[in-house]
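Here is what each chain is made of, one letter per residue.
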Amino acid sequence: MNVEKSKPVVAIVGRPNVGKSTLFNRIVGRRIAIVEDLPGVTRDRNYFDAEHDGREFILVDTGGFEPDAEDRLIQQVRDQARLAVDEAQVVVLVVDGVAGPTGVDEEIAAMLRKSGKPLFLAVNKIDSWKREEEGFLAEFYSLGLERVYPVSGEHGRGVSDMLDAVIGALPEPLPPEPEEGEEGEEPENRPIRLAIIGRPNVGKSTLVNSLIGEERFVTSPVAGTTRDPVDATLSHKGRDFVITDTAGIRRKRSIAAKVEAYSVLRSLKAAEASDVVVMLLDATEFAVEQDAKIAGLAEEQGKPLLVVVNKWDQIEQSPQKLEEFKENLVWRMPFLAYCPVIFTSALTGERVKAVLTEAGKLFEQASSRVPTPMLNKLLEEISNHHGLPVVRGARARVYYITQVGIRPPTFVIQTNRPDLIPPEYKRYVSNRLRSVFGLQVPMRLVFKKKASLRAAPKKQIRPSLAKSSPRLKSARRKPQRRR
Ligand code: GDP
Ligand code: GDP
């Protein structure tokens, strides 16, 4: 399964109000703060990249059920536990340490025990030693989970100890991918891994079928057998592609697909293990929030995103319609502005091959390296036309730009004052890089403080952004000499 290629998943389950979200936030809090800075990315999320002691995993809060009646509660909690067992490598059951174990807790615990997955019991709201000494813990052993941890999500107490144990139960991490670029050999000819993602019913299976040209998936409402290969390989214009995690696409009728948290989680896992993310939208039906969430993942992970508006056969076709649709899309999800958009009908096969052609292009773009002189020529041009503003009485200077990485293309600009670079300027430079070098993929632009600035002789500090800048050139030469 693809899952092994991506990070392991730790699911948090439990009744409402036991403190799942509090614990979740405690574990991933810092990440949330970072991600919320991304414009257009939805705030309310219940899965996140987490890290403890250098080990990375995805944490999922399976909450979000709002039970309206006791019997519905039991059913929902049951579903939740089943999902966790299906999708996660490790499950943490959270219970309320003050209220004591309840019948619902017992029921979930029993279900989880059957799974054979590593289980942890977080007895929450144990805010102090005093509470712990009161012997609350003992009664929770009746739930039959051996690894019992008193924690306080609110105060952080015990959480780290529990996480030590949790990461110990995760599957062995994969060896890191070999560093690319250093020895010059870039795997330009290896197959391109495509993740096909999107809400249920947008046409993912139909598209995959159409691409591989045989009825390998069951697209009828009746779920098929489970004998399909997990990854499908195909060739187009001399280039090999692998469509990853087709099992995940197939399993769409499973209960997991019906729960928002898990459809997003699946997309996250698929995207992580891919080179290019192909996101399907339904031309006949917009669901901005969900779509934005899924698309936001690609941007966050720095993966190229190809937007495919499917079921185009259902739309009265005209060039205006196409433009209108694109505009509407970008208006609703501004971070998609730079992504290519194509219009297909998976059902009739129309424009389906364009998915591969475009994905191939995006992979090339994401893997490309812009020669340093070209970058600096652009920086010089930018400096001539778009000077940096005075911020708090001072003006930053930019000296030199290099591309330090690919997939995503990552650029570093040396400056004397990274703190004085306004966001508008960053956006402006990003946009210029995109348009001049034709990048329709996520990229990273970092402003770094020039290290040797203070020690440098005065004339090397001087290159400025003012008007024509022959000085910029002299600054540019210096790092080159070092190589
Ligand atoms: P969820 O429904 O399981 O996600 O629970 P929440 O995280 O929303 O928490 C439910 C309530 O329990 C909130 O009022 C929290 O402030 C409270 N709570 C959560 N964790 C703790 C804790 O460690 N100690 C105490 N005393 N209260 C907590
Ligand atoms: P998935 O859940 O994303 O894998 O979606 P499916 O591939 O199962 O498609 C859901 C439904 O949409 C099925 O009834 C398909 O026949 C239909 N469908 C898929 N692609 C198209 C398309 O391009 N045009 C039309 N009209 N229907 C489509």
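Here the structure is a predicted model, which means the values were calculated and not measured. (Residues numbered from 1 in each chain as written. Chains lettered and ligands numbered in written order. Predicted model: local features only at pLDDT ≥ 70, side-chain atom pairs only at ≥ 80, totals over all residues. Heavy atoms only, no water.)

Novice: Tell me about the sheet that holds strand E9 (residues 239–243), residues and numbers included.
Specialist: Here we have six strands laid out as an open sheet, ordered E8-E9-E7-E10-E11-E12, and mixed in their pairing. Two strands in the sheet have a free side with no partner beyond their single neighbour: strand E8 (232–236) and strand E12 (341–343). Going from strand to strand, the sheet's axes swing by 30 degrees on average, the running direction of each strand aside. Alignment of E8 against E9, held across five bridges, turns out to be antiparallel. Across the sheet, residue Leu-234 finds its bridge partner in E9, namely Phe-241. Packed onto the sheet, helix H12 (residues 353–367) meets strand E7 (192–197), E8, E9, strand E10 (276–282), strand E11 (305–310) and E12 and runs at close to 165 degrees relative to E11. (Pairing = 2+ DSSP bridges. Helix = DSSP H or I, 4+ residues; strand = E, 2+ residues; numbered from the N terminus. Axes fitted to C-alpha atoms, helices over the stretch in contact; angles between N-to-C directions. Contact = heavy atoms within 4.5 Å.)

Novice: Could you give an account of the nonpolar core, naming the residues involved and the relevant values?
Specialist: Judged by nonpolar contacts, the single largest core of 59 residues is most densely connected at Leu-93, Leu-112, Leu-121, Leu-305 and Leu-336. When residues of this core are assigned to domains, at least three fall in each of domain 1 (3–169) and domain 2 (192–367). Other than its neighbours up to four places away in sequence, Leu-93 contacts Val-13, Gly-14, Asp-105, Ile-108, Ala-109, Leu-112, Phe-120, Leu-121, Ala-122 and Leu-145. Core analysis: the next-biggest nonpolar cluster, separate from the first, contains 49 residues, Leu-211, Val-276, Ile-342 and Ile-413 among them. (Core = buried A, V, L, I, M, F, W, Y, C linked by side-chain atoms within 4.5 Å. Buried < 20%, exposed > 50% of the residue type's maximum accessible area, 1.4 Å probe, protein only. Domains from an automatic or database assignment.)

Novice: Account for the site of ligand 1, naming residues and giving values.
Specialist: Taken together, 14 residues lie around ligand 1, and Asn-17, Ser-21, Thr-22, Asp-127 and Glu-154 are the ones closest in. A distance of 3.0 Å separates an oxygen atom of ligand 1 from a polar atom in the backbone of Gly-19. Lys-20 is positioned such that a nitrogen or oxygen atom in its backbone is 2.8 Å from an oxygen atom of ligand 1. Partitioning the shell around ligand 1 into residue classes produces two nonpolar, seven polar and five charged. (Near = heavy atom within 4 Å. Polar contact = N/O pair within 3.5 Å; in protein donor to acceptor, adjacent residues only side chain to side chain. Nonpolar A, V, L, I, M, F, W, Y, C, P; charged D, E, K, R; others polar.)

Novice: Please provide a residue-by-residue account of unusual backbone geometry, values included.
Specialist: Of the consecutive residues Arg-407 and Pro-408, the connecting peptide bond is found in the cis state with omega at 0 degrees. With respect to the helices, strands and loops of the structure, Pro-408 is situated in the loop between strand E15 (398–405) and strand E16 (410–415). Backbone geometry at Lys-237 places phi at a positive 50 degrees, although glycine is not the residue there. The topology assignment puts Lys-237 in the loop between E8 and E9. One non-glycine residue, Lys-311, lies in positive phi territory at about 65 degrees.

Novice: Go over a negative patch on the surface with me, naming the residues and quoting the values.
Specialist: The grouping of Glu-51, Asp-53, Glu-56, Asp-161 and Asp-164 at the surface amounts to a negative patch. Tracing the sequence through the fold places Glu-56 in strand E3 (residues 55–61). (Patch = residues over 30% accessible without salt bridge, like charges linked within 9 Å, V, L, I, M, F, W, Y side chains within 5 Å. Areas by Shrake-Rupley, 256 points an atom, 1.4 Å probe, with all protein chains shown as cover. Salt bridge = Lys/Arg side-chain N within 4 Å of Asp/Glu carboxyl O. Lys, Arg positive; Asp, Glu negative; His and termini not counted. Charge placed at Lys NZ, Arg CZ, Asp CG, Glu CD.)

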